[in-house]
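# Structural overview
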Amino acid sequence: MRSVAIGLAAVGATLTVGVAGALHVTGSAQEPEMSATAARSQSPPATSTPADAPDAESAARAARGITDPKEEGTVGEMAVGAIPGVGDLMMSRIPAATRQVIVVTAADASATVNRVVRWQRAAPDAPWTAVGAEIAGRNGANGWTHDHVEGDRRSPVGVFSLTAAGGRYADPGTALPYEFRPSFYQAGGHAGDPMAEAFNYVVAIDYNRLPGHPPSDPTRPLGAGAGGDIWLHVDHNTPTRGCISLPQASMEAVLHWLTPSSQPMIIMGDRASIEATAG
């Protein structure tokens, strides 16, 4: 992400102001606070590279939520059945093992508000059922895009996994790896500014990031120009810089609901993109 660094000589740290409004404190002598699950997720065990590992181009497509063309239409690797209102183009990107999906639908590509619905199923051949009430959400101030770049204030259209959470508040009881790090999750703003509450809780959307790593991990597989730090976070009564925001009570409900064993995914975009068919 593009940022501006401000030296803090008194504490031997650097304060970085990112485009998403977060204040990142690095280089301090004091280790950041995080939960045990986040600590475990920071250093995944090394694994050998399989012979059929995806090439760099396929990895880049995956980071943008684009299915490798050679995998589209592969029986047994797609979800069986469709979520109401979601076209087969998006559904084809949902793994068969996925049991939880969040669908974020906006009226059109310029919309900054959307509706968010949670869906789940008991098995690959079971129907999808809605969970809870529909949630009113917000997205990027400039709407949606299929080609997100740093600073465009648009939310990326696509299908992404949800593998890690965090926030300036302590773990509310989620099964996801949770990074409790108040010094990192600080929203740029002033006293009384609703933006200050934005990062009380976040769920990292796996766009241009390493799945399973804490939300604070700065790694950008597509490079800095493709943007990053695309999260579900607490609503601050204004459109976002690319994230999806929900009321805090809804964020807490989402965190309680998500489970890694269900391989949760998010489908997000304008209605035309959500409803698109492969034909």
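Note that the structure is a prediction, hence the values are computed from the model and not measured.

## Describing the nonpolar core
- Residues Ile102, Val203, Ile205, Leu232, Ile266, Ile267 and Met268 are the most contacted members of the largest nonpolar core, which totals 45 residues.
- Of the residues forming this core, the biggest block, five residues, is contributed by strand β4 (residues 100–106).
- Apart from residues lying up to four places away in sequence, Leu232 is in contact with Ile102, Tyr201, Val202, Val203, Ile205, Ile244, Leu246, Met251 and Ile266.

## Focus: the packing of aromatic side chains
- Summed over all chains, the structure comprises six aromatic pairs.
- Seen in terms of ring centroids, Phe184 and Tyr185 are 4.8 Å apart; in terms of plane orientation they differ by 85°. Their pairing is edge-to-face. Grouping residues by exposure puts Phe184 and Tyr185 together as buried.
- Relative accessible area serves as the criterion here: at 4%, Phe184 is assigned to the buried category.
- One aromatic cluster in this structure is built from Phe184, Tyr185, Phe199 and Trp231.
- Note that Arg118 overlies the ring of Trp257, its terminal NZ or CZ placed 5.2 Å from the centroid.

## Concerning the pattern of salt bridges
- All told, the structure shown has seven salt bridges when counted by the stated rule.
- A salt bridge links Asp235 to Arg138; its shortest N-O distance comes to 2.7 Å. Here Asp235 is found in the loop between β13 (231–234) and β14 (244–246), whereas its partner Arg138 is found in strand β6 (residues 129–138), with 97 residues between them in sequence.
- The exposure class assigned to Asp235 is buried, which follows from its relative accessible area of 19%.
- Between Arg271 and Glu275 there is a salt bridge; the shortest N-O distance is 4.0 Å.

## Some details on the environment of Gly269
- By the element assignment, Gly269 lies in strand β15 (residues 265–270).
- Using a relative accessible area of 0% as the deciding quantity, one classes Gly269 as buried.

## Here's the deal with the side chain of Ser262
- With respect to the helices and strands, the residue Ser262 is situated in the loop between α4 (248–257) and β15.
- Overall, the relative accessible area of 12% leaves Ser262 in the buried class.
- Residues in contact with Ser262, not counting those within four places in the same chain, are Ala97, Thr98, Arg99 and Gln100.

Definitions and limits used
Residues numbered from 1 in each chain as written. Predicted model: local features only at pLDDT ≥ 70, side-chain atom pairs only at ≥ 80, totals over all residues. Heavy atoms only, no water. Core = buried A, V, L, I, M, F, W, Y, C linked by side-chain atoms within 4.5 Å. Buried < 20%, exposed > 50% of the residue type's maximum accessible area, 1.4 Å probe, protein only. Helix = DSSP H or I, 4+ residues; strand = E, 2+ residues; numbered from the N terminus. Contact = heavy atoms within 4.5 Å. Phe/Tyr/Trp six-rings, centres within 6.5 Å; stacked < 30°, edge-to-face > 60°. Lys NZ or Arg CZ within 6 Å of the ring centre and 35° of its normal. Salt bridge = Lys/Arg side-chain N within 4 Å of Asp/Glu carboxyl O.

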